[in-house]
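Structural overview for review
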Amino acid sequence: MKQLSKLVVASHLAALVTGQTPLTVTVGTKFQKIDGFGFSQAFGRAREFQQAPSSIQKQALDYLFNISTGAGFSIIRNRIGSGGSGDSILPTDPGSPSSDPAYEWDDDDRGQVWFTEQAVSYGVKTIYADAWSAPGFMKTSGDEATPGYLCGTPGHTCSSGDWRQAYADFLVKYVQLYADAGYEITHLGFLNEPDYEVSYSQMQISDDAAEAVDFIPILNETIQAAGLNTKVTCCDAVGWGTTINQYVPALVEGGSTKYLDVITSHSYSADATAPITGTSLPKWNTEAGPSGEFTATWYASGAANEGFTWADKLAVAMVEAELSAYLFWEGFEVQETQSAMHLVDTNPDGEPKTVVTSGIFWAFAMWSRHIRPGAYRIAASGSVSDVITGAFVNADGSVVVIFTNRGSSAQSVRLSFGSEFTPGAADAWVTSNSATFAPTDASLSGGEVTVDVPSKGVVTVKLTE
Ligand SMILES: *[C@@H]1O[C@H](CO)[C@@H](O)[C@H](O)[C@H]1NC(C)=O
Ligand SMILES: *[C@@H]1O[C@H](CO)[C@@H](O)[C@H](O)[C@H]1NC(C)=O
């Protein structure tokens, strides 16, 4: 009996070894540059964060931004308000586009100055400020919260005049006010979901993006005249369908891409699933989130609010669609567990309150903690059944490989490397139904690394020379 079980064990081991799927990572073959991962605290959520009890606030900040214990998010997206006093920096209609605007700055911006300060204190360098609308008096509808176009753009004349330059001035003023407060807004957007009509701040553009094509050079000129380097984004559509089929072709055709730095889109109505052609500009998914409740569930049925669903979305977006950044909607909210649209909340039952994370939070953390801004995606050849493999080289030379296993069986993967890179140390972490960012074995031998990737699991391997 004893002899037999040894044989069984030996043949089982042999099966495991031959079952290892080889992959080769080539550090010298670079694809898109990675700008980072992020989220927003727009619409009052920055204030809510600022007013949270200090121990809660610190825990939540560490979860979101700490690069050794949290997700290490590296991009924040702030909203440039377009409403009344305390929301917009230009709450009052100056009367005409040529009248002096009476800007108001409260050094607070609905808590977003505090939020920016916190992010920066953790090392965040990419600050994306995005306007959902121009102030209402600059729009055809006369109201920031009703559908309308920017007055003066093609086909949109207003009795109050042409407000295009005034809108560019307003956006640049916002960047300058942050600069005066000590924070560099690196990216500036002038639209949010312009293909969608809502009941709050909004501004539309046509399917052929004529208004954006017209406005982008004015914004570029205004940024340059102010001596700023702020990068311009467009157009934060509600989904990648509009972005890919309408806006990108229109921006390319209209010559706008030479003034633009990033193509931005949300993914509510469609994800990016393949490389976006027509322009080599970086592409960012700037907003995303599911319906359903806030839940710590990693994988149960593949529902929209489960962690593994987002692990899969991230892998498709960063590897298959070659995006350079991925931002979720909000980061921290207090007792809003009816919604899965944020990543960190507080325990509804605990007293004193503690911070809780969603499964989706950990999906992001598996990517954003170790793939740092300035990394490049690199070649990973060979394929593992049901596994998406993303390989990246950081600016410091470390290599990060992320495996996302959609299948119903675990996979053993053997990684080898081209001549440019010889791993000297390997660390690996796993998130699955039975582990949350837990260290896992990555055995290094003869310049090769072997790891197991559980079913419906993500494994992040970090290698240094
Ligand atoms: C991140 O967490 C580590 C470990 O708790 C801590 O030492 C470090 O100070 C934190 N970083 C920041 C920027 O707070
Ligand atoms: C404005 O456009 C010019 C010409 O395409 C470009 O070189 C420059 O980088 C742009 N400026 C900004 C601030 O994006």
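Source: prediction; values computed, not measured. (Residues numbered from 1 in each chain as written. Chains lettered and ligands numbered in written order. Predicted model: local features only at pLDDT ≥ 70, side-chain atom pairs only at ≥ 80, totals over all residues. Heavy atoms only, no water.)

Moving on: the environment of tyrosine 103. Relative to the elements of secondary structure, tyrosine 103 occurs in the loop between strand S3 (75-85) and helix H4 (112-121). When the C-alpha atoms of tyrosine 103 and leucine 90 are compared, they prove to be 4.9 Å apart, with 13 residues separating the residues in sequence. In this structure the side chain of tyrosine 103 is engaged in a polar contact, spanning 3.5 Å, whose partner is the backbone nitrogen of phenylalanine 170. (Helix = DSSP H or I, 4+ residues; strand = E, 2+ residues; numbered from the N terminus. Polar contact = N/O pair within 3.5 Å; in protein donor to acceptor, adjacent residues only side chain to side chain.)

In this section: helix H5 (residues 164-181). Between its first and last C-alpha, H5 extends 26 Å over 18 residues, near the 26 Å set by a 1.5 Å rise per residue. Within the sequence span of H5, burial applies to Arg164, Ala166, Tyr167, Ala168, Phe170, Leu171, Val172, Tyr174, Val175, Leu177 and Tyr178. In this structure, the buried residues of H5 make contact with S3, H4, strand S4 (126-131), strand S5 (187-189) and helix H6 (210-225). Looking one or two places after H5, you find glycine 182, whose phi comes out positive at around 105 degrees. (Expected span 1.5 Å × (residues − 1). Buried < 20%, exposed > 50% of the residue type's maximum accessible area, 1.4 Å probe, protein only. Contact = heavy atoms within 4.5 Å.)

Let us look at the site of ligand 2. Lining the immediate surroundings of ligand 2 are Asn220, Ile223, Gln224, Thr230, Lys258, Tyr259 and Asp261. Between an oxygen atom of ligand 2 and a main-chain N or O atom of lysine 258, the distance comes to 3.0 Å. Partitioning the shell around ligand 2 into residue classes produces two nonpolar, three polar and two charged. (Near = heavy atom within 4 Å. Nonpolar A, V, L, I, M, F, W, Y, C, P; charged D, E, K, R; others polar.)

Counting across every chain of the model gives 32 aromatic pairs. Relative to phenylalanine 328, the ring of tryptophan 310 lies with its centre 5.4 Å away and its plane at 80 degrees, an arrangement referred to as edge-to-face. In this pair, tryptophan 310 is assigned in helix H8 (residues 307-320) and phenylalanine 328 in strand S9 (residues 325-332), connecting sequence segments 18 residues apart. Assessed through its relative accessible area of 3%, tryptophan 310 is described here as buried. Classification of phenylalanine 328 by relative accessible area gives buried; the value is 1%. These aromatic residues form a ring-pair network of at least three members: Phe39, Phe49, Phe65, Phe73, Trp114, Phe115, Tyr122, Trp310, Tyr326, Phe328, Phe332 and Phe364. Note that lysine 313 overlies the ring of tryptophan 310, its terminal NZ or CZ placed 5.2 Å from the centroid. For arginine 369, the ring lying beneath its charged end belongs to phenylalanine 437, and the centroid distance is 3.7 Å. (Phe/Tyr/Trp six-rings, centres within 6.5 Å; stacked < 30°, edge-to-face > 60°. Lys NZ or Arg CZ within 6 Å of the ring centre and 35° of its normal.)

Looking now at the UniProt feature "domain: Endo-beta-1,6-galactanase-like" (unreviewed entry) in the protein chain. Per the UniProt record, "domain: Endo-beta-1,6-galactanase-like" (unreviewed entry) is found at residues 25-242. End C-alpha atoms of residues 25-242 are separated by 34 Å, and the span's content is 30% helix alongside 19% strand. (UniProt positions renumbered as here; feature names shortened; annotations may be inferred.)

What surrounds ligand 1 is the set Lys58, Asp62, Asn66, Ser68, Thr69 and Tyr122. Asparagine 66 is positioned with one of its side-chain polar atoms (N or O) 2.3 Å from an oxygen atom of ligand 1. Alone, ligand 1 offers 360 Å² of accessible surface; in the complex the protein occludes 43% of this. Each residue belonging to the shell around ligand 1 can be placed in one class, and the counts come to one nonpolar, three polar and two charged. (Areas by Shrake-Rupley, 256 points an atom, 1.4 Å probe, with all protein chains shown as cover.)

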